[in-house]
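# Structural overview
So you can see what is in the structure, the chains are spelled out below.
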Amino acid sequence: MTKKEKILTTASGRPYTEYENSMTVGPRGPILLQDYTFHEKMAHFNRERIPERVVHAKGTGAFGTFTITNNITSYTRAKVFDTIGKKTRVFLRFSRVAGERGSADTERDPRGFAIKFYTEDGNWDLAGNNTPVFFIKDPKKFDDFIHTQKRDPRTNCKSPTMVWDYWSLNPESLHQVLILMSDRGTPYSYRHMNGYGSHTFSFFNKKNERCWVKFHLKTKQGIKNFTGPEAEEMKAKDLDWAQRDLMEAIDRKDYPRWNMQIQIMTDEQAKTFRWNPFDLTKVWPHKEYPLIDVGILELNQVPENYFADVEQAAFAPANVVDGIGYSPDKMLQGRLLSYPDAHRYRLGVNYEQIPVNKCPYAVNNYQRDGFMRVDGNGGSEPNYRPNSFDNIKVDETTKEPAWQLESSVADWFDRNAEGEDDHYTQPGNLFRLMSDQEKKNTIRNIVGSMRGIESAKRDEIINRQLCHLFRADVALGTRIARGLGVNVEQFLPKK
Ligand code: NDP
């Protein structure tokens, strides 16, 4: 089929008469300032790159469908869940956390797993990771933590010294460090990893009853990881392996799927849970809080244009819908602020109007103007409220139940005070459930990484981290100490 012929034009629609040659004084003379078409091409090109995300810069994404398979309406009134068989369009962006936009897909790093559900109640963003926990539990620590994952200020190289110095000084990171250092830190591809909402959120139902919820997305493709050496090998072969894998699978109609499951905790259970249920460095054990099926997420459409949909995609945990609420999880609270703020900086204040971010249902408010306002800006409708002219109503039926807070005193509470300082039981449980081969690989990965610590403080950093590892599991600590050539006896209980 021949494509319909089109005229080549400038951005303003003026037809080009010459595209490939600049206007010059004679065939070998200088270029004229009046060759506006040259300026426009060059000026646009110079501005093609927008600031890359500080975190999650390298990513890929696809559209798909979320289909409900189970009735969870006793927990939530969110319309996305209201009928078995209901389908909702989604966009999912996968990413690496610390690498730059051109970095390798197979580096050891957590992976982002951010889903936008275009629901009739508004867009719901579940911006999670491929791990159920995170390195820190207070958002005030986020910028320092990310600095350690990026580049050394002097050498501009990645620095195992910064990384392990920070982790060893923040024992709450141990759980995530262990997951990262296992082969799950180098997933074979985005299709072969789980996603987790990670934070604790809340659900509320038609009776206005609130419960706490965690989201899990279990890969139907099966978990598959690279070992450390395999990941290194792939890095040398194909920087964009995971991106290519996802696109090719969808193009051959081998649509990847995930089973969404939830864990539910009542308020009463939350009060007696042996860990803080809102601490992002902890999971809820499955035996006590079993996984409940919700639906199937399938990716089935590659965006036509990467920049338009993937690079301009903006997710915000603040975007919940009626029936889904926040929780006192401090990291979630911090992200409610920081994600939209990052988008305003990177994409501009009207980022919600970009097609991939735009709510496909009605949006009515009194926000006006700002850079790149492209939706008609409210036309001639009033730009203030209350007014006597329009018929925009506040929907009181979507009001959330109030939270009962235990403390009326605002203070800088120690995040690791007594009762909040068990950084060891859950990582220990994780190590003990690994197969012998998984343990072996995890230990090799940790030893290999810690060997990179260089500085006058090397021994101090190593010893501090070994103490954490020993407290999680004596066998784990012993094997890593031996791998690093450190005397094990000093860490063992005195006889
Ligand atoms: P379970 O035995 O019920 O669950 C263990 C979980 O560990 C499974 O979901 C499994 O995922 C996952 N897992 C296996 N190997 C790894 C790995 N290398 N990195 C990360 N996850 C892995 O036990 P519990 O619920 O009591 O949890 C025990 C430990 O398992 C926790 O301390 C935590 O570290 C880890 N875990 C727990 C999760 C939870 O929500 N409870 C979620 C993920 C990990 P899969 O089913 O995909 O194989």
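Reading the values: the criteria
- Residues numbered from 1 in each chain as written.
- Predicted model: local features only at pLDDT ≥ 70, side-chain atom pairs only at ≥ 80, totals over all residues.
- Heavy atoms only, no water.
- Near = heavy atom within 4 Å.
- Polar contact = N/O pair within 3.5 Å; in protein donor to acceptor, adjacent residues only side chain to side chain.
- Areas by Shrake-Rupley, 256 points an atom, 1.4 Å probe, with all protein chains shown as cover.
- Helix = DSSP H or I, 4+ residues; strand = E, 2+ residues; numbered from the N terminus.
- Nonpolar A, V, L, I, M, F, W, Y, C, P; charged D, E, K, R; others polar.
- Domains from an automatic or database assignment.
- Salt bridge = Lys/Arg side-chain N within 4 Å of Asp/Glu carboxyl O.
- Buried < 20%, exposed > 50% of the residue type's maximum accessible area, 1.4 Å probe, protein only.
- Pairing = 2+ DSSP bridges.
- Phe/Tyr/Trp six-rings, centres within 6.5 Å; stacked < 30°, edge-to-face > 60°.
- Contact = heavy atoms within 4.5 Å.
- 1 Å grid on protein atoms, 1.4 Å probe; cavity = no way out; pocket = protein on both sides within 12 Å on 5 of 7 lines; lining within 4 Å.
- Points joined across faces, edges and corners; volume = space filled by probe spheres on them.
- Expected span 1.5 Å × (residues − 1).
- Bend = angle between axes of the 7 residues up to and from the residue.
- Buried area = accessible area lost by both parts, 1.4 Å probe.

### A few points about the site of the ligand
Taken together, 19 residues lie near the ligand, and H175, R184, N194, W284 and H286 sit nearest. For the ligand, an oxygen atom lies 2.9 Å from a polar atom in the side chain of R184. With respect to the ligand, the backbone of W284 contributes an N or O atom lying 2.9 Å from a nitrogen atom. When the free accessible area of the ligand is taken as 790 Å², the share hidden by the protein chains comes to 80%. Counting only elements with at least two residues in the shell around the ligand, the list comes to α4 (174–181), β7 (210–219) and α10 (425–433). At 3 residues, α10 tops the list of elements feeding residues into the shell around the ligand. Each residue belonging to the shell around the ligand can be placed in one class, and the counts come to 10 nonpolar, 7 polar and 2 charged. Counting the residues that make up the shell around the ligand, at least three belong to each of domain 1 (23–157 + 166–362 + 408–412) and domain 2 (425–491).

### Let's talk about the pattern of salt bridges
Applying the stated criterion across every chain, the model contains 30 salt bridges. The residue D279 makes a salt bridge to K137 at a minimum N-O spacing of 3.4 Å. Of this pair, D279 sits in the loop between α7 (267–272) and β9 (292–301) while K137 is found in the loop between β4 (122–129) and α2 (142–149), placing the two residues 142 residues apart along the sequence. Like D279, the residue K137 is buried in the burial classification. Three or more residues joined by partner-sharing salt bridges are found here, namely R53, R101, E311 and R346.

### Points about the pairing of strand β1 (residues 59–68)
Taking burial as the measure, the 10 residues of β1 include 10 buried ones, the bulk of the element. Residue alternation in β1 divides its side chains into two sets, G59, G61, F63, T65 and T67 and T60, A62, G64, F66 and I68, and both sets are buried. Here β1 pairs with strand β2 (residues 87–96) via 9 bridges, running antiparallel. Bridge assignment links T65 to a residue of β2, and that residue is R89.

### Some thoughts on the packing of aromatic side chains
This structure, assessed with the given rule, holds 30 aromatic pairs. With 5.6 Å between their ring centres and 5 degrees between their planes, F135 and W167 make a pair best called stacked. Taken together, the residues F135 in the loop between β4 and α2 and W167 in helix α3 (residues 160–169) connect sequence positions 32 residues apart. Pair check on accessibility: F135 and W167 agree, each one buried. The rings of F66, F81, F117, W124, F201, F203 and F215 are connected pair by pair, giving a single aromatic cluster.

### A look at α10
An α-helical turn contains 3.6 residues, so any two residues separated by three or four positions project in the same direction. For α10, the full list of buried residues reads Q426, P427, G428 and F431. Where the residues of α10 are buried, they touch α4, α11 (436–450), α12 (458–472) and α13 (474–483).

### Observations regarding empty space enclosed by the protein
Per the stated rule, a full pass over the model turns up 3 cavities of 30 Å³ or more. Contributing to the lining of the largest cavity are N130, R184, P187, H192, M193, N194, Y196, I223 and N225.

### Digging into helix α9 (residues 330–347)
With 18 residues, α9 extends 26 Å from end C-alpha to end C-alpha; this agrees with the ideal 26 Å at 1.5 Å per step. The sharpest bend along α9 measures roughly 30 degrees and falls at L336, with the proline P340 sitting one to four residues further on. Of the residues making up α9, those classed as buried are M331, L332, G334, R335, L336, P340, H343, R346 and L347. Those residues of α9 that are buried are in contact with β4, α2, β6 (201–204) and α8 (306–311). The backbone nitrogen of M331 lies 2.9 Å from a side-chain oxygen of the residue at the head of α9, namely D329.

### A look at unusual backbone geometry
Cis geometry marks the peptide bond from R385 to P386, where omega comes out at 0 degrees. If you trace the backbone, P386 turns up in the loop between α9 and α10. Its identity is not glycine, yet N156 carries a phi of approximately 60 degrees, on the positive side. Tracing the backbone shows N156 in the loop between α2 and α3.

### Comments concerning the domain arrangement of the protein
Per the domain assignment, the segments making up the protein are domain 1 (23–157 + 166–362 + 408–412) and domain 2 (425–491). A C-alpha centroid distance of 30 Å is found between domain 1 and domain 2. The partner domain 2 presents 19 residues to the 19 residues of domain 1 that form the contact. Both sides of the domain 1 and domain 2 interface together cover about 1,600 Å² of buried area, and 64% of this is carbon and sulfur.

### Description of the environment of T281
Looking at where T281 falls in the secondary structure, it is placed in the loop between α7 and β9. Along the chain, T281 and E172 lie 109 residues apart, while their C-alpha atoms are 6.5 Å from each other. With residues near it in sequence (within four places) discarded, T281 still touches V133, F134, F135, I136, K137, E172, H175 and Q426. Here the side chain of T281 touches D279 through a polar contact of 2.7 Å, side chain to side chain. In this structure the side chain of T281 is engaged in a polar contact, spanning 3.1 Å, whose partner is the side chain of K282.

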